[in-house]
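# What the coordinates show
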Amino acid sequence: MQGTIDGFSYGLVTPVAGYVMACLGAALGLRCTVRSLRSDRPRKPGWLALGAASIGCGIWTMHFIAMLGFRVRETSIRYDTSLTLLSLAVAVLVVAVGVFVVGYRGTAPAVLLTAGTLTGLGVAAMHYIGMAAMRMQGHLSYDPAVVALSVFIAVVAATAALWAAVSIRGFLASLGASVVMGVAVTGMHYTGMAAVSAQVDHALGHTGGGSSTVSVLPMLVGPLIFLVLAAVVVMFDPLLILGDDEPERTAPRAPAPGRYAPRQTPAAVPYGGADGWAGAADENAPRAGHR
């Protein structure tokens, strides 16, 4: 039997809350990546890792907050814990791969396209692993064309996010980029959800459309706490507070007071007493006493 899907059982609460979390994760990730560009080499991986984890947790949290509003009226829904946590690990790892690649290799077109494609496919995998974690009296099926569209959106969004992570400077620019990234992540999620249809098996019994909140909320606590702690780290970092985001430029240093300027090589060097010279200008001149 065809199930009746309601993706907005709490109205706009879950889409808006999910969008806010996606924007928060993106903003923290952008600011951490900017900070990594100003860090010395030993600290750079730490900032890149914090940025990648922030973006990955933001994407994952957005997905499962949105899924709180997903119901099939004819059956209850719960989530398999192992697959759900696997989807979180996939989200963080694939974003980390992309962030580290562009953080160290830059945004040359080939590098950016490769990293964006890998990260986008990973984000799409996170989404569909999360969907596979759903347990109900029935099964889900997908429209292949809409699934392909959602994967394409994920790749484009990931590529744009990686470019922004190492190219955007300044607080307001990072804030604007995070808002756009939040739209892209949320759009990818709801495009993927538009591909879903549910088939309910009444032979297993009718349990009604119970909420998945009880099974999802405990798993959301950890990523939410992480995002709060990441926000605290970013808020209290002096360089990011002052907005000192521009890479340092090394200017020629003037000689310190009391020091001599570098000696210049003279054009000619005396030899053989006061009346003899050797230099480029007179090396072919006849010497005294030689005819």
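## Focus on the overall build of the protein chain
Along its length, the protein chain carries eight helices and eight strands. Residues counted as buried form 43% of the 291 residues belonging to the protein chain. Counting only carbon and sulfur atoms, one obtains 67% of the accessible surface of the protein chain, whose full area is about 15,700 Å².

## Looking at the environment of Gly98
With respect to the helices and strands, Gly98 occurs in helix α3 (residues 81-105). Its relative accessible area of 0% is what places Gly98 among the buried residues. Once the C-alpha coordinates of Gly98 and Thr117 are considered, the two residues, 19 residues apart in sequence, prove to be 8.9 Å apart. Excluding its chain neighbours within four sequence positions, the residues that come into contact with Gly98 are Ala115, Thr119 and Leu162.

## Quick word on the confidence of the model for the protein chain
Summarising the model, the protein chain shows a mean pLDDT of 81, and 78% of its residues fall at 70 or more. Across the protein chain, the secondary-structure element scoring lowest on mean pLDDT is strand β8 (residues 277-279), at 43, and the one scoring highest is helix α2 (residues 44-67), at 93. Below a pLDDT of 50 lies the segment residues 246-253, which in the model reaches five contacts outside its immediate sequence neighbourhood of four places, other chains included. Here residues 268-285 is modelled with pLDDT under 50, and outside its nearest four sequence neighbours on either side it reaches 14 contacts, counting other chains as well.

## Remarks on the packing of aromatic side chains
All told, the structure shown has five aromatic pairs when counted by the stated rule. Between Phe8 and Tyr190 the ring centres are 5.4 Å apart and the planes differ by 15°, which places this aromatic pair in the stacked class. Here Phe8 is found in the loop between β1 (5-6) and α1 (13-38), whereas its partner Tyr190 is found in helix α6 (residues 171-194), with 182 residues between them in sequence. Assessed through its relative accessible area of 44%, Phe8 is described here as partly exposed.

## Here we look at the layout of surface pockets
Picture a little ball the size of a water molecule; that probe, rolled over the atoms, points out where space is still empty. Put simply, the largest pocket is a space of about 340 Å³. Along the wall of the largest pocket there are 27 residues; nearest its centre are Ala157, Ala158, Ala161, Met181 and Val185. Broken down by secondary-structure element, the contributors of at least two residues to the lining of the largest pocket are α1, α2, α4 (109-132), α5 (144-167) and α6. With nine residues, α5 is the single largest residue contributor to the lining of the largest pocket. Partitioning the lining of the largest pocket into residue classes produces 23 nonpolar, four polar and no charged.

## Quick look at α5
An ideal rise of 1.5 Å per residue puts 34 Å on 24 residues; α5 measures up with 35 Å between its terminal C-alpha atoms. Along α5, the positions that sit buried rather than exposed are Ser150, Ala154, Val155, Ala157, Ala158, Thr159, Ala161, Leu162, Ala164, Ala165 and Val166. Structurally, α5 contributes buried residues whose contacts are with α1, α3, α4 and α6. With a side-chain oxygen lying 3.0 Å from the backbone nitrogen of Ala145, the N-terminal cap of α5 falls on Asp143.

## Focus on the packing of α1 against α2
Where α1 contacts α2, the axes come no closer than 8 Å and their chain directions differ by 175°. The angle between α1 and α2 falls in the class roughly antiparallel. Class assignment of the residues belonging to the contact of α1 with α2 gives a composition of 14 nonpolar, ten polar and two charged.

## Quick notes on the side chain of Thr84
Within the fold, Thr84 resides in helix α3. Overall, the relative accessible area of 0% leaves Thr84 in the buried class.

## Details of the environment of Leu86
Within the element layout of this structure, Leu86 appears in helix α3. With a relative accessible area of 42%, Leu86 lands in the partly exposed category. Sequence spacing of Leu86 and Met126 is 40 residues, and the spatial spacing of their C-alpha atoms is 8.1 Å.

## So, α3
An ideal rise of 1.5 Å per residue puts 36 Å on 25 residues; α3 measures up with 36 Å between its terminal C-alpha atoms. Against α1, α2, β3 (78-79), α4, α5 and α7 (213-235) lie the buried residues of α3. Capping of α3 at its N-terminal end is provided by Asp80; its side-chain oxygen lies 3.2 Å from the backbone amide nitrogen of Ser82. Looking one or two residues past α3, Gly106 carries a phi angle of roughly 85°, positive in sign.

Rules behind the numbers
- Residues numbered from 1 in each chain as written.
- Predicted model: local features only at pLDDT ≥ 70, side-chain atom pairs only at ≥ 80, totals over all residues.
- Heavy atoms only, no water.
- Helix = DSSP H or I, 4+ residues; strand = E, 2+ residues; numbered from the N terminus.
- Buried < 20%, exposed > 50% of the residue type's maximum accessible area, 1.4 Å probe, protein only.
- Areas by Shrake-Rupley, 256 points an atom, 1.4 Å probe, with all protein chains shown as cover.
- Contact = heavy atoms within 4.5 Å.
- pLDDT = per-residue confidence, 0-100.
- Phe/Tyr/Trp six-rings, centres within 6.5 Å; stacked < 30°, edge-to-face > 60°.
- 1 Å grid on protein atoms, 1.4 Å probe; cavity = no way out; pocket = protein on both sides within 12 Å on 5 of 7 lines; lining within 4 Å.
- Points joined across faces, edges and corners; volume = space filled by probe spheres on them.
- Nonpolar A, V, L, I, M, F, W, Y, C, P; charged D, E, K, R; others polar.
- Expected span 1.5 Å × (residues − 1).
- Polar contact = N/O pair within 3.5 Å; in protein donor to acceptor, adjacent residues only side chain to side chain.
- Axes fitted to C-alpha atoms, helices over the stretch in contact; angles between N-to-C directions.
- Parallel < 35°, antiparallel > 145°, perpendicular 65-115°, else oblique.

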